[in-house]
Each structure stands twice: as structure tokens, then as C-alpha cells.
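Commentary on secondary and tertiary structure
So you can see what is in the structure, the chains are spelled out below.
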Amino acid sequence: MDAEGFNATLLCNNKLVGAKSFTGNLPVPEYDDPSPRDFMGHGSHVASTAAGAEVPWADMYGFSGGRASGVARNARIAMYKACVPRGCPGSAIIKAIDAAVSDGVDLISISIGGGPGKPFYDDPIAVATCGAGMVSSMGMERLHDAVNAPAFTLPGVMISDTAAKKLDAYMSSSPYPVASLAFACETVTGENRAPMVAGFSSRGPSVVAPEILKPDVVAPGVNILAAWSGAVPPSGSKKIDQRRVEYNIVSGTSMATPHVAGAAALIKKVHGDWTPAMVRSALMTSAGPLDKNGRGIVDGGTVTDATPLAAGAGLVLPRLAMDPGLVYDAGTPEYVGFLCTLNYTAEQMRQFVPEMSSAGSNGGACTLTRTVTKVSAQPETYSVTFAAPEDVKVTVTPETLEFKRENEKRSYTVEFSLQSQGKVRPAGTWDFGHISWENRKHRVRSPVAFKLEDLNTDTIMQ
């Protein structure tokens with residue numbers, strides 16, 4: 001629709017099929033921005049990453065030059081503006097989500113910063129997105145030894161926190177400190193390890209629901225080249241930077257989100273009848289837990305092996321996710337059951353399920369039942385493999401699952417028990433493993449996290 005500074009007839013096309021703003025007429029003057037135009041660059045960057053059309057050449061002042069496209073390059077984009085330079089008003093976000101759902105979008109990609117976690121029933125965004133197909137990065141970004149490439153207005157270099165402390169010590173110790181820029185093509189680890197979890201990436205466990213393993217997956221988010229708005233310079237500072245570019249290199253969890261959203265769009269194109277839970281399952285169970293050299297993914301914040309609390313299920317692999325073999329689905333009964341385990345009251349749960357009349361907890365069972373749905377066409381048999389800490393016994397029943405037709409369902413149980421002869425560890429200790437259903441064509445892998453709550457008896461499967 002037309003809006004101030006935006007002519008829908010001229011600017012909408014087969015790629016951008018709509019644009020709406022929800023930042024106009026707000027009570028706070030600095031938030032008042034009625035135009036859906038992108039005056040910050042962020043929206044253009046993430047949208048083109050998710051679904052930008054292919055261009056024969058893209059670069060930023062000669063860096064990262066080459067052919068480029070979004071992950072789902074044939075998908076269409078509808079933009080819903082809910083943020084302004086001062087922030088993202090909650091009311092605008094809710095209105096934008098409601099409009100997107102009403103318009104019938106297949107997926108919502110939302111990249112915003114997050115504050116301290118609120119209970120789901122007290123989080124308007126959680127309530128608004130209940131049941132929607134959404135890909136988000138909403139955790140607090142944390143900076144450790146991550147190195148990225150911001151668009152400096154003067155010659156400069158970005159160094160890690162550790163290097164900065166060394167540099168500061170040198171400058172303090174010398175009356176005439178001298179520096180030069182030299183490029184040795186070296187890495188923090190001494191070798192090219194990719195993928196690597198960025199130091200600024202949000203870490204688990206979830207502060208709201210530690211019963212769910214977070215994050216889900218990792219995706220590219222460091223030094224991402226994508227489209228940029230001509231209304232803002234690459235540095236974002238209009239006062240000192242007069243440059244304008246068509247493409248910019250930016251880092252952040254915001255940049256990882258549209259990669260996953262694009263992969264989800266590819267899945268949705270092939271499997272239009274899948275629920276959001278099935279799409280999420282395909283992305284997670286097909287993710288790669290190893291780097292390009294066949295070793296564990298490195299945590300760039302600690303330069304040690306990344307645990308599932310840093311890398312989730314692993315790196316998103318879109319081609320594998322489109323043919324995952326098996327998926328885990330979830331509907332209203334499963335979500336209600338989950339909320340019950342959080343001891344939510346009936347009133348709190350009515351925020352998500354208005355017809356809810358009662359609530360209760362099922363306790364902290366050590367035996368779990370899971371149901372998988374076969375989504376491949378040919379008959380298949382899967383065998384289970386698993387890994388767990390040496391003092392945790394894992395029993396999966398049955399050990400094989402046989403499927404004869406598409407959409408057939410099979411259930412299995414997993415029992416975890418802490419062995420009394422295991423090593424002594426303090427309460428609160430985390431350990432990790434996985435459960436994987438495999439055959440020659442498919443591997444359906446789920447990470448498992450254990451938290452030792454009691455020295456003698458209890459573990460929790462995430």
C-alpha cells in the first residue's frame with residue numbers, strides 16, 4: 001500500500017510484493033516514522049540475504065566480489081517495518097506480526113535484539129507468534145574474541161578483546177607508541193576453521209525455559225555481504241560518512257537469521273503442507289555438527305570445542321534439510337504439555353490457548369517418548385545410535401524403526417539413568433550427547449544436554 005515516501009505502484013514488483021510501516025503515529029516522537037522505506041540498511045541487508053534475486057556481481061569496495069543471491073532467490077518478499085533508529089517498539093512488532101499472518105505469509109524472519117528473558121505468558125512477541133512459522137534471533141549478543149569487518153570511515157582494523165588489552169598495555173607503557181597495519185593472513189586459531197561460532201552469538205541455556213536446548217542451529221553471520229539502502233552510509237553515521245553503497249558487509253545474529261529463514265523457505269516450497277514444527281525439525285536433525293575438516297565446530301568465544309549450548313544441533317545444511325527422512329511434529333497438545341511442565345497456571349496458558357480450562361505438571365520424568373513421521377517416499381528402516389556421558393546409561397526402545405509408506409508414524413522411548421559408579425561432579429554441571437536414527441540415505445540426529453541437578457540421582461534431557 002502507498003505510504004509517505006513510498007509509491008507501491010512504482011516500487012513493488014515480482015520480488016518485493018508489499019511493504020507496510022507500523023512506526024507511524026507513535027506516542028514517542030523519535031519513533032514516529034510512517035514510511036516503510038529502509039533508512040537504516042538493516043532491513044535491506046537481511047531481506048536480500050534471505051531471498052534476494054541473483055545478481056552477476058556484488059562487492060563492497062572490491063571486497064567479497066562475485067555473483068550473489070539470497071538463499072531462496074526465487075521467493076517473494078513482503079516487508080513489515082517495526083523498527084526505527086531508536087529501537088523497536090513492542091506495539092509495532094505485534095502489529096507487524098499480526099499483519100504478516102493476516103496477509104498469509106509463509107514465513108516470518110525477525111532479527112531484533114533481546115533483553116532479559118520474560119516468561120512466555122508475559123512476552124507479547126511469544127504470544128503473538130504462537131503457532132506461526134517464524135525464524136528469529138532475539139538473544140543478547142555477547143562480544144568475546146570475535147573479529148569482524150565494520151565499514152570504517154578511516155583506515156582501520158578490528159582486533160579482538162585479548163589483542164586490545166595487549167595494545168592498551170603497550171600504549172600505556174610507551175611515551176611514543178607506534179603502530180602499523182600488516183596483513184599476514186593468520187587466524188586466531190592458527191588455521192582456517194569453518195564454520196566457527198562467533199563470539200557475539202547468543203549462548204544457552206534458555207533463561208526462560210532451560211528444559212529446551214538452545215540455540216537451535218548456527219548459520220553464517222560474520223562479514224556477510226548483502227544489499228544496502230541508499231538512504232544510509234555503510235557505517236551508519238550520516239554526520240561523518242557521505243558514502244553510499246549498493247552492498248555492505250555486516251556481522252551479527254541478525255545476519256544469521258535470514259540464512260535460516262531462506263533455508264526454511266526452500267523447505268516450504270517443496271513441502272507446502274508441513275507445519276512450522278516439521279520445518280524446524282528438518283533444519284535441526286539434518287544440521288552438521290562438524291566443521292569442513294571433519295572436526296567439531298569451534299566456539300570462537302573460548303577457542304574450544306563448541307557444545308550444543310553454543311552451536312545447537314550444528315550448521316544448517318539446506319539441501320539435506322529438504323530431504324530429512326524423518327521429522328518430529330508438534331501441535332497444540334504438545335505445546336500445552338510443554339507449558340504444563342513449566343507449571344504455568346490455566347490463566348497464564350490461556351494467553352496461548354484461550355479454551356484452556358486447567359493445567360498441571362507431569363513432573364521431571366527420566367523416560368521420554370518421541371514420535372517421528374516418515375516424509376520420504378520409499379520404504380525405509382532406521383537404526384538408532386547414541387552418545388552420552390560415561391556415567392549416564394541410555395536405553396532406546398525399540399532400537400530399529402521400520403516404515404513402509406510416506407507419512408507413517410512410529411514412536412520410541414528413551415530412558416536415561418545416572419550410574420552410581422560414575423565420576424563425582426558438582427550440581428549444575430552440563431554434559432552432552434546425541435541420539436541419531438540412521439540408514440544408508442538419511443541421518444536424523446538430535447543433540448541431548450544433561451544437567452546434573454543432584455549428585456546422586458537426577459539428570460535432565462534437554
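Residues numbered from 1 in each chain as written. Predicted model: local features only at pLDDT ≥ 70, side-chain atom pairs only at ≥ 80, totals over all residues. Heavy atoms only, no water.

**Side note on the overall build of the protein chain**
Helix and strand content of the protein chain: 11 helices and 19 strands. The buried share among the 462 residues of the protein chain stands at 40%. For the protein chain, long-range pairs separated by at least 24 residues make up 68% of all intrachain contacts whose partners lie at least 6 apart in sequence. Carbon together with sulfur atoms contributes 54% to the accessible area of the protein chain, which is approximately 25100 Å² in total. (Helix = DSSP H or I, 4+ residues; strand = E, 2+ residues; numbered from the N terminus. Buried < 20%, exposed > 50% of the residue type's maximum accessible area, 1.4 Å probe, protein only. Contact = heavy atoms within 4.5 Å. Areas by Shrake-Rupley, 256 points an atom, 1.4 Å probe, with all protein chains shown as cover.)

**Digging into the packing of helix H6 (residues 253–270) against helix H7 (residues 276–285)**
For the pair H6 and H7, the least separation of the axes is 10 Å and the interaxial angle reads 115°. Relative to H7, the crossing made by H6 is right-handed. Two secondary-structure elements touch here, H6 through Val 260, Ala 263, Ala 264 and Ile 267 and H7 through Val 279, Ala 282 and Leu 283. Taken together, the residues of the contact of H6 with H7 sort by class into 7 nonpolar, no polar and no charged. (Axes fitted to C-alpha atoms, helices over the stretch in contact; angles between N-to-C directions. Left-handed = near helix turned anticlockwise from the far one by under 90°. Nonpolar A, V, L, I, M, F, W, Y, C, P; charged D, E, K, R; others polar.)

**Some words on the sheet that holds strand S11 (residues 304–305)**
Read from one edge to the other, the open sheet built from 3 strands follows the order S7-S10-S11, with strand pairing classed as mixed. Across the chains shown, the open sheet's two edge strands, defined by having one partner strand only, are strand S7 (196–197) and S11. (Pairing = 2+ DSSP bridges.)

**Examining the packing of aromatic side chains**
Per the counting criterion, the structure on display carries 6 aromatic pairs. Judged by centre distance (5.2 Å) and plane angle (75°), the ring pair of Phe 416 and Phe 450 falls under edge-to-face. Placement of Phe 416 in strand S17 (residues 409–418) and of Phe 450 in strand S19 (residues 443–451) is noted, with a sequence separation of 34 residues between them. (Phe/Tyr/Trp six-rings, centres within 6.5 Å; stacked < 30°, edge-to-face > 60°.)

**Considering the state of the cysteines**
Under the counting rule described, the total for this entry stands at 1 disulfide. Here Cys 83 connects covalently by a disulfide to Cys 88, the sulfurs 2.0 Å from one another. Measuring handedness by torsion sign, the sulfur bridge of Cys 83 and Cys 88 sits at about 105° and is right-handed. (Disulfide = S-S within 2.5 Å.)

**Comments concerning the side chain of Asp 291**
Within the secondary structure, Asp 291 is located in the loop between H7 and strand S10 (298–299). Asp 291 sits in the buried class, given a relative accessible area of 7%. A polar contact is formed between the side chain of Asp 291 and the backbone nitrogen of Asn 293, at a distance of 2.9 Å. Setting aside chain neighbours within four positions, we find Asp 291 in contact with Arg 193, Ala 194, Pro 195, Gly 296 and Ile 297. (Polar contact = N/O pair within 3.5 Å; in protein donor to acceptor, adjacent residues only side chain to side chain.)

**Remarks on the nonpolar core**
Judged by nonpolar contacts, the single largest core of 21 residues is most densely connected at Tyr 412, Phe 416 and Trp 437. Broken down by secondary-structure element, the contributors of at least two residues to this core are strand S13 (367–374), strand S14 (380–387), strand S15 (392–397), strand S16 (400–403), S17, strand S18 (430–438) and S19. In terms of residue count, the dominant contributor to this core is S17 (4 residues). In this structure, Ala 256, Val 260, Ala 264 and Val 327 belong to the second largest nonpolar core, which totals 19 residues. (Core = buried A, V, L, I, M, F, W, Y, C linked by side-chain atoms within 4.5 Å.)

**Topic: helix H2 (residues 42–51)**
Counting buried positions along H2 gives 8 out of 10 residues, so the element sits mostly inside the fold. Of all the residues in H2, the buried ones are Gly 43, His 45, Val 46, Ala 47, Ser 48, Thr 49, Ala 50 and Ala 51. On its buried face, H2 is in contact with strand S4 (77–81), strand S5 (108–111), strand S8 (224–227), strand S9 (247–250) and H6.

**Some words on the pattern of salt bridges**
Per the counting criterion, the structure on display carries 10 salt bridges. Notably, a salt bridge pairs Asp 103 with Lys 20, separated by 3.0 Å at the nearest N-O pair. With Asp 103 in helix H3 (residues 90–103) and Lys 20 in strand S1 (residues 16–21), the pair connects residues that are 83 residues apart, well separated along the chain. Looking at Asp 103, the relative accessible area reads 39%, which means it is partly exposed. When the shortest N-O distance is used, the salt bridge between Asp 323 and Lys 441 registers 4.0 Å. With Asp 323 in the loop between helix H9 (318–321) and strand S12 (326–327) and Lys 441 in the loop between S18 and S19, this pair connects stretches of sequence that are 118 residues apart. Lys 441 gets classed as exposed once you look at its relative accessible area, which sits at 62%. Taken together, the salt bridges that share partners define one network made up of Glu 54, Arg 67 and Arg 73. (Salt bridge = Lys/Arg side-chain N within 4 Å of Asp/Glu carboxyl O.)

**Remarks on the sheet that holds S18**
Strand order in this open sheet of 4 strands is S16-S14-S18-S19, and the pairing throughout is antiparallel. Two strands in the sheet have a free side with no partner beyond their single neighbour: S16 and S19. The mean angle between the axes of side-by-side strands here comes to 20°, regardless of whether they run parallel or antiparallel. Bridge count between S14 and S18: 5 bridges; the pairing is antiparallel. Among the inter-strand pairings, Phe 386 is bridged to a residue of S18, identified as Ile 435.

**Focus on H3**
With 14 residues, H3 ought to run about 20 Å at 1.5 Å a step, and its terminal C-alpha atoms sit 20 Å apart, in line with that. Looking at H3, one finds that the buried residues are Ala 92, Ile 93, Ile 94, Ala 96, Ile 97, Ala 99 and Ala 100. (Expected span 1.5 Å × (residues − 1).)

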